[in-house]
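# Topology and contacts: notes
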Amino acid sequence: MNVTAIPLHAIKGRGTATRIAHRFSRDERDAFDDGWGTLQESTPGGPQPLATEVTLEDAKSAITRNDSPDIHFDYGLNPYRGCEHGCVYCYARPTHSYLNLSPGLDFETKIIAKRNLAEVLARELSARSYVPKQIVIGSATDAYQPLERELRITRSVLELLHSCHHPLALVTKGSGVERDLDLLVPMAARKLAAVYVTITTLDGELARKLEPRAAAPHRRLRIIRTLAAAGVPVGVSVAPQIPFINDDMEQVLTAAYEAGARSAFYTVLRLPWELNPLFQEWLALHYPQRAARVMARIQEMRGGKDYDSDFASRMKGHGLWADLIRQRFEKTCARLGMNRERVELDVSQFRSALLAGQGDLF
């Protein structure tokens, strides 16, 4: 049995302390205990937090097209690659491999910011061939991670979509979304905007381990309350569901409903590529007594494997345990009155970026 030997101070404030080699690497390096306690030694003056590095990128495209049958939107947009929130379960971690960076610590400390995103998006929205559909912002990495306060890339995208009357949906854990209420409120009034706030658990201690740099659970409930009071349609994501880890789905849905959320969705944990060993390392570090039991339930939902990419089941799993999670979710939503009405955004109001005068801005 492998033993995870990571000093707790090394992981403080981060989802992982490991720069796991990505799947395209030729070499893999790992720390080991040489018997002298070097793994436990602190840096001079105590452990120092690892700084986040930001690289500015000129994006070639803005909108990503989705053709996966289990994802219910066609267009996505992500202002950042990597995410400082450091959620250990994030399915986007393996995308850092394409940048020759580690899906582990690099994913949350080496962030790529698409500084020209609004300019590129304006060109795409002005193309004669463009067919307007709802754009989901933050579909992979959070558009309101801490860097957004300074870089304001998400803000520039919202300003463009606001001027073009283009529908959008936001998925976030970040309180920064409240900054942009001046844009979201009038768009929501025209059925052009909706926001979904992810709350994985109400347990603050667990959230600090799972999502170390995201807003606290009680703060996310306040985001829902603020958005709902301002008239913005708001829903809650209780994803991902992890057996024997975040077992308070019903309490999260109830608290979110009381705060003003009127729709909800969930997924179960999925562990593609390098995310699998990273998550298992996290389990062994934080919950060693139940790690084997957690993985056994995950495998039960994945046909005996740690991960199954089948479109029919990758989001919700299959089998007895997956059915139990589904029933808990559906019965709680029915009791609360969630998901009774679908929020339909209006694409008919869209006018191209050129007609909206945005071509003169870039």
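For clarity, every value in this text was computed on a predicted model and none was experimentally measured.

### Quick notes on the packing of helix H8 (residues 217–229) against helix H9 (residues 249–259)
Remark: H8 packs on H9, axes separated minimally by 8 Å, with the N-to-C direction vectors making an angle of 30°. In terms of their interaxial angle, H8 and H9 are classed as roughly parallel. When you trace H8 past H9, the crossing you get is right-handed. Along the contact surface, H8 presents Leu221, Ile224, Arg225 and Ala228, while H9 presents Ala255, Ala256 and Ala259. Class assignment of the residues belonging to the contact of H8 with H9 gives a composition of six nonpolar, no polar and one charged.

### Some words on the packing of aromatic side chains
Applying the stated criterion across every chain yields a total of seven aromatic pairs. Plain terms: the ring middles of Tyr266 and Phe329 are 4.8 Å apart, the flat faces sit at 45° to each other, and that makes the pair tilted. With Tyr266 in the loop between strand E10 (263–265) and helix H10 (275–286) and Phe329 in helix H12 (residues 320–336), the pair connects residues that are 63 residues apart, well separated along the chain. Looking at Phe329, the relative accessible area reads 8%, which means it is buried.

### Observations concerning the packing of helix H5 (residues 153–164) against helix H6 (residues 181–189)
Helix-helix packing is described using two parameters, namely the angle between the two axes and the distance between the axes. Here H5 crosses H6 at 30°, and the two axes come no closer than 10 Å. Considering their axes alone, H5 and H6 lie roughly parallel with respect to each other. Crossing geometry of H5 relative to H6 is assigned as left-handed. On the side of H5, the interface is formed by Arg155, Leu158, Glu159, Leu161 and His162, while H6 contributes Asp182, Leu183, Leu184, Pro186 and Met187.

Cut-offs applied
Residues numbered from 1 in each chain as written. Predicted model: local features only at pLDDT ≥ 70, side-chain atom pairs only at ≥ 80, totals over all residues. Heavy atoms only, no water. Axes fitted to C-alpha atoms, helices over the stretch in contact; angles between N-to-C directions. Helix = DSSP H or I, 4+ residues; strand = E, 2+ residues; numbered from the N terminus. Parallel < 35°, antiparallel > 145°, perpendicular 65-115°, else oblique. Left-handed = near helix turned anticlockwise from the far one by under 90°. Contact = heavy atoms within 4.5 Å. Nonpolar A, V, L, I, M, F, W, Y, C, P; charged D, E, K, R; others polar. Phe/Tyr/Trp six-rings, centres within 6.5 Å; stacked < 30°, edge-to-face > 60°. Buried < 20%, exposed > 50% of the residue type's maximum accessible area, 1.4 Å probe, protein only.

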